[in-house]
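Architecture at a glance
What follows is each chain in one-letter form.
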Amino acid sequence: MWRMRRVAVACEVCQSLVKHNSGIKGNLPLQKLHLVSRSIYRSHHPTLKLQRPQLRTSFQQFSSLTNLPLRKLKLSPIKYGYQPCRNFWPARLAARLLKLRYLILGSAVGGGYTAKKTFDQWKDMIPDLSDYKWIVPDIVWEIDEYIDFDKIRKALPNSEDLAKLAPDIDKIVESLSLLKDFFTTGSPGETAFRATDRGSESDKHYRKVSDKEKIDQLQEELLHTQLKYQRILERLEKENKELRKLVLQKDDKGIHHRKLKKSLIDMYSEVLDVLSDYDASYNTQDHLPRVVVVGDQSAGKTSVLEMIAQARIFPRGSGEMMTRSPVKVTLSEGPHHVALFKDSSREFDLTKEEDLAALRHEIELRMRKNVKEGCTVSPETISLNVKGPGLQRMVLVDLPGVINTVTSGMAPDTKETIFSISKAYMQNPNAIILCIQDGSVDAERSIVTDLVSQMDPHGRRTIFVLTKVDLAEKNVASPSRIQQIIEGKLFPMKALGYFAVVTGKGNSSESIEAIREYEEEFFQNSKLLKTSMLKAHQVTTRNLSLAVSDCFWKMVRESVEQQADSFKATRFNLETEWKNNYPRLRELDRNELFEKAKNEILDEVISLSQVTPKHWEEILQQSLWERVSTHVIENIYLPAAQTMNSGTFNTTVDIKLKQWTDKQLPNKAVEVAWETLQEEFSRFMTEPKGKEHDDIFDKLKEAVKEESIKRHKWNDFAEDSLRVIQHNALEDRSISDKQQWDAAIYFMEEALQARLKDTENAIENMIGPDWRKRWLYWKNRTQEQSVHNETKNELEKMLKCNEEHPAYLASDEITTVRKNLESRGVEVDPSLIKDTWHQVYRRHFLKTALNHCNLCRRGFYYYQRHFVDSELECNDVVLFWRIQRMLAITANTLRQQLTNTEVRRLEKNVKEVLEDFAEDNEKKVKLLTGKRVQLAEDLKKVREIQEKLDAFIEALHQEK
């Protein structure tokens, strides 16, 4: 009872002090409450019921800036004064009771506030289920029917009641400070009060420790609850994936008898493929979003991509550069987990190891094919589509790893080339930069972060990914350093979001499922999550893929219509330019122009078969005689004609003709025929066609002609059959009529006159201009020409004395000529005399032969009598008749081979060349050039891009 009375008295004193100082009446206003009471009052909700999550399309939920770490509740310590006099024991007792009441209420309020705030933070950290709300069972949304949240809420103290129970802490502190100033220190009871204060301080420390342990325990329970919820969600996703797979398989088999439309991501990927081939020469740039994956070499870029694609699709190597050209990977949902290239119809089953190995080998072959000789990397892009159930829809571009040093075996410009390729992709203002950083190495060794910060200094489109976190946690001495890395405090770059992932244990044979299990197990036991250095939404590649996909589609929706408008303006400009420059021509791009040129070339090849046989034989006979005339005159006719009698002449001719036919003549004839075919083919290909001629095809036709001729080979059996025919023709000596005889004489005269003309030209060049040219054109002879002229005059005197002189000079004759010249002061060499004699005697012989040819015009009668009892012998005419007949028969045979075989074979070669050129885009670009071609090419591509963009935008609106 005495204790109750003391308490009542103390309460009265306390109330009087409080009323005197604060003047509190009725309910406490909100601005007068303590910080803890005020926060509880504001955060209280009358009802607490789990609702379905709302659809969120922004990337804000994945940012590490949205969820702040829990703050420990720390109350300001309050010190109390001491009462020196025993007469104030009621006040001292009231102070003790008030202090005890403050501690009890403060602990209750702080614990309730901490639990409430922890629960709110846990609720905010739950991932967005808007994309999966159609697959989550209704029991999840009706969980409040199975758990009585109202009962739990009622068990907790009401914030209004707590506000009523809690005194105005500020006023209490102010009152106690007044009491402290009022009382004096140093009284006899100071020691007792000090002992009591020590006891209260130990109680306070004990309660602080208990609160900290409770907070840690709540945080650990919250983490386990969140991981448990995440496992449930993953199980539901897996079941959903199987259900979606079954649905897509049924649609694929046509059970619902409807045709599946092209997926949205496939339409977008086609737009990017067309844009990659577009030459932006009209200030229209490609600003459509892509996810550009950049990182240092061996930082784990490929592993992250494979985890997102859920298959090991890229070539791998230990320390060796494997990504040698950009690889565009389009991820989309499908009934089967398959991959296929843009330019191939083969599907690789990603669930089979042999198909995975074949896919990796094919990617490596394509990379090496793209790399030119003398280079290490290539800017040419490999386009790959990966489909499978549950894949996030997006387009990723894997770039070669950034290197710091060029090693042996690499091209000297490899580092600069990789930088230029990376900048070309990252400078796109709508490209999402997925910056991969190896967490197992020192952050200072990274050079990719500097490159990323240059391209995106404000971090508005950069997502930072720290790989190999398991190795980093094991090797790094200070765990806070990992937190600094993941928050970007160690780098100059800023990022939209930060993520930490584990890409396996370093074994290339690990499956994707095994890596996922290892990653989940690691983060469940990781200190990084337990100590709140990382948030649960910042870890695992699953969360990363969800974040990247969400950001990708947000960028696409924001930029695709702007790009479509840009291409509409470009199309209008190109169409206007075409109308002004080429108003009467159709807009034919390079492929259409090639098809037109192809048809023209084939028509011209077919026109070869329309050449008349007479024309073929005339040009073949003329060409063949031009080729063999020198041999016939110099090696057959002249040696035989210089003999003394007809028998020796005929014997010499037969022997030399046989040797010529066996060794040289058939080959020469085939060469002539092939050259004639080339000339006729070139004439048809290059001659103008009047107004219809288009000079834009000239380079292409010339290239086709040269390549076709290079590939064409004459039939190997043609020479053997031709040799027999020529030999039989030359054996025949029977001239049937006077007409053939006259034709032979005419042929002989033409051949000898042509040879005489050549000989006179040679003599003129040897002796210089004659007196007429010297007087009229003021030309003089050189010293050597004067010597040749003196020698010629001396030799002509010798021939006048002996017109039957043989073809060769005797040594005494050479000496005589030299002495005669020396007597006139002309020094000559014996070799000069022989060279001059050769030309002088040739002219003398040819003139004599022409005179004899005139005599033989009436010699056909004597020929029929075999020149019996006749001084006239015309065996040289018979020789030229044999040559002429052989030329006619050979020309006829070659014409038959041309028209029956070789023209068709040439046509076949032309078709093959055109087919090869059609598949070689570089060849077409090189051969079909000009402003007109480029303008039509750009106009077609811009139209195609615009049409695909419009179709994609329409499908995008329909999906919304």
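The coordinates are above.
**Regarding the nonpolar core**
Tyr637, Trp660, Leu677, Trp741, Ile883 and Val910 are the most contacted members of the largest nonpolar core, which has 102 residues in total. A per-element tally of this core places helix α31 (residues 875-919) first, with 17 residues. Residues Ala311, Leu544, Ala547 and Phe952 belong to the second largest nonpolar core, which totals 68 residues.

**Some words on the pattern of salt bridges**
Under the definition given, this model contains 41 salt bridges. A salt bridge links Glu702 to Lys705, with the nearest nitrogen and oxygen atoms 3.1 Å apart. In this pair, Glu702 and Lys705 both sit in helix α23 (residues 698-711), 3 residues apart, roughly one turn of the helix. Given a relative accessible area of 30%, Glu702 falls into the partly exposed group. On the basis of relative accessible area, Lys705 is assigned to the buried category, the value being 11%. Among the salt bridges present, the one from Asp916 reaches Arg711, with a minimum N-O distance of 2.9 Å. In this pair, Asp916 sits in helix α31 while Arg711 sits in helix α23, placing the two residues 205 residues apart along the sequence. Of the residues examined, Asp916 reaches a relative accessible area of 34% and is grouped as partly exposed. Connected via shared salt-bridge partners are Arg571, Glu575, Glu587 and Arg943.

**Some thoughts on the pairing of strand β3 (residues 338-341)**
Of the two faces of β3, the one carrying Val338 and Leu340 and the one carrying Ala339 and Phe341 are both buried. Between β3 and strand β4 (residues 348-349), which follow one another and run antiparallel, lie 6 residues. One ladder, built from 4 bridges, connects β3 with strand β5 (residues 382-387); its direction is antiparallel. Counterpart to Phe341 in the pairing with β5 is Leu384.

**Here's the deal with a negative patch on the surface**
On the surface, a cluster of negative charge is contributed by Glu380, Glu912, Glu915, Glu919, Asp920 and Glu922. Top contributing element to the negative patch by residue count: α31, with 3 residues. Structurally, Glu912 is set in helix α31. With relative accessibility at 31%, the residue Glu912 sits in the partly exposed group.

**Examining the pairing of strand β6 (residues 394-398)**
Where burial is concerned, most of β6 is hidden: 5 out of the 5 residues are buried. Of the two faces of β6, both are covered, the one formed by Met394, Leu396 and Asp398 as well as the one formed by Val395 and Val397. Examined bridge by bridge, strand β1 (residues 291-295) and β6 share 3 bridges and lie parallel to one another. For Val292, the partnering residue across the bridge sits in β6 and is Val397. Here 5 bridges tie strand β2 (residues 327-332) to β6, and the two strands are oriented antiparallel to one another. Bridged to Lys328 within β6 is Val397.

Calculation notes
- Residues numbered from 1 in each chain as written.
- Predicted model: local features only at pLDDT ≥ 70, side-chain atom pairs only at ≥ 80, totals over all residues.
- Heavy atoms only, no water.
- Core = buried A, V, L, I, M, F, W, Y, C linked by side-chain atoms within 4.5 Å.
- Buried < 20%, exposed > 50% of the residue type's maximum accessible area, 1.4 Å probe, protein only.
- Helix = DSSP H or I, 4+ residues; strand = E, 2+ residues; numbered from the N terminus.
- Salt bridge = Lys/Arg side-chain N within 4 Å of Asp/Glu carboxyl O.
- Pairing = 2+ DSSP bridges.
- Patch = residues over 30% accessible without salt bridge, like charges linked within 9 Å, V, L, I, M, F, W, Y side chains within 5 Å.
- Areas by Shrake-Rupley, 256 points an atom, 1.4 Å probe, with all protein chains shown as cover.
- Lys, Arg positive; Asp, Glu negative; His and termini not counted.
- Charge placed at Lys NZ, Arg CZ, Asp CG, Glu CD.

Remember that the coordinates give geometry; whether it matters functionally is a separate question.
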